[in-house]
Structure formats: structure tokens, C-alpha cells
Amino acid sequence: MTAYFCGHLCFMLCERIGHKMASTPDIIDINTEFIRLDALLKFAGAVESGGEAKLLIQDAQVKVNGEICTQRGKKIREGDTVDVNGGSYVVRGGA
């Protein structure tokens, strides 16, 4: 039997009910006031191309601060969290 803590206060077979293990978000440092969502996905390595970023965003597969975002040009600022493809990214820095 597989057991682990997933961050959802369950300890047995979390994968059976769809929970994933909690992971530490990657920190993305920027030196500007903001970065566009599609550019952040490329910069963070979450996608390989702008076209892939566009499709994920249009298909409502990206969350910003816990809410689905379908705006490619959304301005992501320091402290914002972006979740996509099982990865989590937190922006740090800014002008």
C-alpha cells in the first residue's frame, strides 16, 4: 500500500481520489515590473514555445493565483503564483 502526505490531509492512496503530492513552487526572478503570462510560461520552461503557451491558456489549463486565466497578455507581478502542467511558479522581483 502506498501512503504519503499530499497536502490535503490524507495519508492513504491519495492518487486514487485524484490528489497529487504538494510540491514547492519554483521561484521565477524578474527584473521588470511585470511579465506577460505567455512569456512567463516560456521563461520558466513550463512550455517549449509561445504556441504551446497560447493553447494551454486558451484551453483554460493555466491558473493565476488559484483562478483559471485565459488571458495570454495577463500581467504577472511579484508574488503572483502560476500553476500549469502540474508545476507551480511564484514570481519574485520586479522593478
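These figures come from a predicted structure and were not determined experimentally.

Caption draft 1: Representation of the packing of aromatic side chains within the structure. Scanning all chains against the criterion turns up 0 aromatic pairs. The ring of Phe 34 carries the charged tip of Lys 75 above its face, separated from the ring centre by 4.6 Å.

Caption draft 2: Region of interest: the nonpolar core. Leu 37, Leu 40, Leu 41, Val 62, Ile 76, Val 82 and Val 84 are the most contacted members of the largest nonpolar core, which totals 19 residues. The set of elements that each furnish at least two residues to this core consists of strand E1 (26-30), helix H1 (37-44), helix H2 (50-58), strand E3 (62-64), strand E6 (81-84) and strand E7 (87-93). Residues contacting Leu 40, with those up to four places away along its chain left out, are Ile 28, Ile 35, Ile 76, Val 82 and Val 91.

Caption draft 3: Summary view of the confidence of the model for the protein. Across the protein, the average pLDDT comes to 83, with 76% of residues at 70 or higher. Confidence drops under pLDDT 50 across residues 1-17; counting only partners more than four residues distant or on other chains, this segment forms 25 contacts.

Caption draft 4: Molecular detail of the packing of H1 against H2. Close contact between H1 and H2 brings their axes to 9 Å; oriented N to C, the two are set at 125°. Relative to H2, the element H1 lies oblique. Once H1 is placed against H2, the crossing between them reads as right-handed. For the pair formed by H1 and H2, the contact residues are Leu 37, Asp 38, Leu 41 and Lys 42 on the first element and Gly 50, Ala 53 and Ile 57 on the second. Considering only residue class, the contact of H1 with H2 consists of 4 nonpolar, 1 polar and 2 charged.

What counts, and where the lines are drawn
- Residues numbered from 1 in each chain as written.
- Predicted model: local features only at pLDDT ≥ 70, side-chain atom pairs only at ≥ 80, totals over all residues.
- Heavy atoms only, no water.
- Phe/Tyr/Trp six-rings, centres within 6.5 Å; stacked < 30°, edge-to-face > 60°.
- Lys NZ or Arg CZ within 6 Å of the ring centre and 35° of its normal.
- Core = buried A, V, L, I, M, F, W, Y, C linked by side-chain atoms within 4.5 Å.
- Buried < 20%, exposed > 50% of the residue type's maximum accessible area, 1.4 Å probe, protein only.
- Helix = DSSP H or I, 4+ residues; strand = E, 2+ residues; numbered from the N terminus.
- Contact = heavy atoms within 4.5 Å.
- pLDDT = per-residue confidence, 0-100.
- Axes fitted to C-alpha atoms, helices over the stretch in contact; angles between N-to-C directions.
- Parallel < 35°, antiparallel > 145°, perpendicular 65-115°, else oblique.
- Left-handed = near helix turned anticlockwise from the far one by under 90°.
- Nonpolar A, V, L, I, M, F, W, Y, C, P; charged D, E, K, R; others polar.

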